[in-house]
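# Architecture at a glance
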Amino acid sequence: MAVKKQNILLLGAGGRECAIAWKLSKSPLCGNLFIAPGNAGTRFYGTGLDISVSDFQGIKQACLEHQIDILFPGPEDPLVAGIYDFIKNDPELQHIIVVGPSKAGAQMEGSKAFSKKFMQRHNIPTAQYREFTAENFEEGKTYINTLTPPVVLKADGLAAGKGVIIAQSTEEAQAAFSSMIQDHQFGNAGDRVVIEEFLDGVELSVFALTDGEHYILLPEAKDYKRVGEGDKGLNTGGMGAISPVPFADATFMEKVVSRIVAPTVAGLKAEGIVYHGFIFFGLIKVNNEPYVIEYNCRMGDPETEVVIPRLNNDLVELILKMGEGCLNEVKAEHSTDAAATVVLVSGGYPGSYVKGKVLTGQTDVSGSILFHAGTAVKDGMVVTSGGRVMAVTSLAPTLKDALATSYANAARIGFEGRYFRKDIGWEF
Ligand code: AMP
Ligand code: GLY
């Protein structure tokens, strides 16, 4: 029997959502695609809706009006806020497939303390840690004194990617601990603090799509988080990414699967935590052994901009299989090509920056895909509307060639204050 075309509502407005929209729109199973709110790039693949990702009532109205079959939240906020449960508890909406975990499952990202305890329960390798609140603040101070710096402090809750502090000295760690607990530096997110040992290694991101029992692995990726070349300067959302990751060889990936991915999926199931969607494993390789730095309950950005172009499967078909609990019936097909993405950002990012700058040169680009992030249409022109403006992705048989194409095209896109790192993939 022919499968009905699916009407899809994708939530988000970043480069990740642009890449997902690009991929969904290629599927013969994709019916009407809507992106809320979307950006100047997503309009090439679907219809933008002026609804915030946190406006659950607005999302409900859109689902009813457009007869949505699949709801795909791109970012973590709606998932951590419980969009899955909202949909599943509503008789008018509960038939919709949600690509993402329940509120309980989203705690894997929403609470560092929750995810650390989960890993302990399931013997999943991660840094040694303890957690503290105002109640055992003095104990925390004593604990910090026992650790050899660097010391890692993590606000428990969501802190827009800023809640992790790597203190280089005991004094710095004590000061950071006090500002989190006593001065509420991260608001409620830092009322509980995870303090953990520093792991020295190389990081990578691994992604699985699970139906709660089975899973498929997507291509792995490495992102470049620091704003400056040579991995210097402030942390950003991500300045570029590559896939595959040369140091993630088959032996290492087998360890990742047997010690981390499989026990995570089995652990969620055993604990009755409803999880249908992507699991993002933020990993670090230390002496050839993988450890979990963090879990996220969604895809990464800018990792998606290299992972999704390397996924040869039909993404709508994968989502339907996930919805049926039949992901064991499909095999992930990864392209043998390498992918690289270079992120163009507004001058000043991740600090303050000016919006509304006109973008030029998009029609001069050839051989790359432009995944828009912080862009908008104003008076018929594409203008900047965020810190990360656009991800320039290329595929080629070698990483070197993919990078060369992305760099050639990155230079063709102009806007006042444009900045990008020149050393993405430099170490390989
Ligand atoms: P997270 O938000 O947990 O991903 O942490 C942000 C970044 O802090 C990570 O990408 C790592 O670079 C770093 N980090 C977090 N935890 C550790 C750790 N235990 N050891 C070393 N680096 C860490
Ligand atoms: N690029 C890291 C993240 O999406 O969290």
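Located above this text is the structure these notes cover.
All values derive from a computational prediction rather than experimental measurement. In this convention, every chain numbers its residues from 1, walking through the sequence in written order. Throughout, the order in which chains and ligands are written sets their labels, letters from A for the former and numbers from 1 for the latter. Only residues with pLDDT of 70 or above have their local features reported here, since the model is predicted, and side-chain atom pairs are shown and tallied only from 80 upward, although totals for entire chains, interfaces and linings are computed over all residues. Water and hydrogen atoms were dropped before computing side-chain values, which therefore reflect all heavy atoms in the structure.

## Brief notes about the packing of aromatic side chains
Aromatic rings from Phe, Tyr and Trp, with only the six-membered ring used for Trp, were paired whenever their centres fell within 6.5 Å, and each pair was classed as stacked if the ring planes differed by under 30 degrees, edge-to-face if by over 60, and tilted otherwise. Throughout the structure, instances matching the rule amount to 13 aromatic pairs. A centroid spacing of 4.9 Å and a plane angle of 65 degrees characterise the contact between phenylalanine 207 and phenylalanine 280, whose relative ring orientation is edge-to-face. Of this pair, phenylalanine 207 sits in strand 10 (residues 202-210) while phenylalanine 280 sits in strand 16 (residues 277-286), and the two are 73 residues apart along the sequence. In this structure, phenylalanine 207 and phenylalanine 280 share a single accessibility class: buried. Any Lys NZ or Arg CZ found within 6 Å of a ring centre and within 35 degrees of that ring's normal is scored as a charge over the ring. One Lys or Arg, lysine 222, reaches over the ring of tyrosine 224 and ends 4.8 Å from the middle of that ring. Seen from the ring of phenylalanine 252, lysine 285 lies directly overhead, with NZ or CZ sitting 5.0 Å from the centre. Each helix corresponds to a stretch of at least 4 residues labelled H or I by DSSP, and each strand to a stretch of at least 2 residues labelled E; elements are numbered beginning at the N terminus. Think of it in three bands: residues with accessible area under 20% of the maximum for their type are buried, residues over 50% are exposed, and the middle band is partly exposed, with areas taken using a 1.4 Å probe on protein chains only.

## Notes on the sheet that holds strand 12 (residues 222-223)
A strand pair is defined by DSSP finding two or more bridges across the two strands. The strand order across the open sheet built from five strands is 12-15-18-22-19, with neighbouring strands paired in antiparallel fashion. Only two strands of the sheet have a single neighbouring strand rather than two, namely strand 12 and strand 19 (369-372). Where strand 18 (residues 338-345) and strand 22 (residues 388-396) come together, eight bridges link them in antiparallel fashion. The partner of alanine 339 across the bridge, within strand 22, is leucine 395. Any two residues having at least one pair of non-hydrogen atoms within 4.5 Å are treated as being in contact. To obtain an axis, a line is fitted to C-alpha atoms, over the contacting stretch when the element is a helix, and the angle between two such axes runs from 0 to 180 degrees between their N-to-C directions. Where helix 12 (residues 399-410) meets the sheet, it contacts strand 15 (240-243), strand 18 and strand 22, and its direction lies at approximately 25 degrees from that of strand 18.

## Focus: the site of ligand 2
By nearness alone, every residue bordering ligand 2 is listed as Asp223, Gly237, Phe280, Asn296, Arg298, Gly300, Asp301, Pro302 and Glu303. At a separation of 3.5 Å, a nitrogen atom of ligand 2 approaches a polar backbone atom of glycine 237. Aspartate 301 places a polar main-chain atom, nitrogen or oxygen, 2.9 Å from a nitrogen atom of ligand 2. Residue-level accessible areas treat just the shown protein chains as cover; the underlying method is Shrake-Rupley with a 1.4 Å probe. Considering ligand 2 on its own, with 200 Å² of exposed area, one finds that the protein chains cover 88% of that surface. We call a residue near a molecule or strand whenever a single non-hydrogen atom of that residue lies within 4 Å of it. Definition of a polar contact: a pair of N or O atoms within 3.5 Å, with one able to donate and the other able to accept a hydrogen when the atoms are protein atoms, and with sequence-neighbouring residues admitted only if both atoms are side-chain atoms.

## Let's talk about the site of ligand 1
Near ligand 1, the surroundings consist of 14 residues, among which Glu196, Glu197, Leu199, Glu203 and Glu294 are the closest. In the environment of ligand 1, a nitrogen atom lies 3.1 Å from a nitrogen or oxygen atom belonging to the side chain of lysine 154. Side-chain polar atom of lysine 225 to an oxygen atom of ligand 1: 3.1 Å apart, as the coordinates give it. Contact with the protein chains hides 88% of the accessible area of ligand 1, taken as 470 Å² for the molecule alone.

## Considering unusual backbone geometry
The omega torsion of the bond from serine 243 to proline 244 falls at 0 degrees, within 30 degrees of zero and hence cis. With respect to the element layout, proline 244 can be found in the loop between strand 15 and helix 9 (250-270). A cis geometry characterises the amide bond from tyrosine 349 onward to proline 350, with omega recorded as 10 degrees. The residue proline 350 is located in the loop between strand 18 and strand 19 in this model. A positive phi angle, close to 45 degrees, is found at asparagine 287, a residue other than glycine. Looking at where asparagine 287 falls in the secondary structure, it is placed in the loop between strand 16 and strand 17 (289-296). A positive phi angle, close to 70 degrees, is found at asparagine 288, a residue other than glycine. Here asparagine 288 lies in the loop between strand 16 and strand 17.

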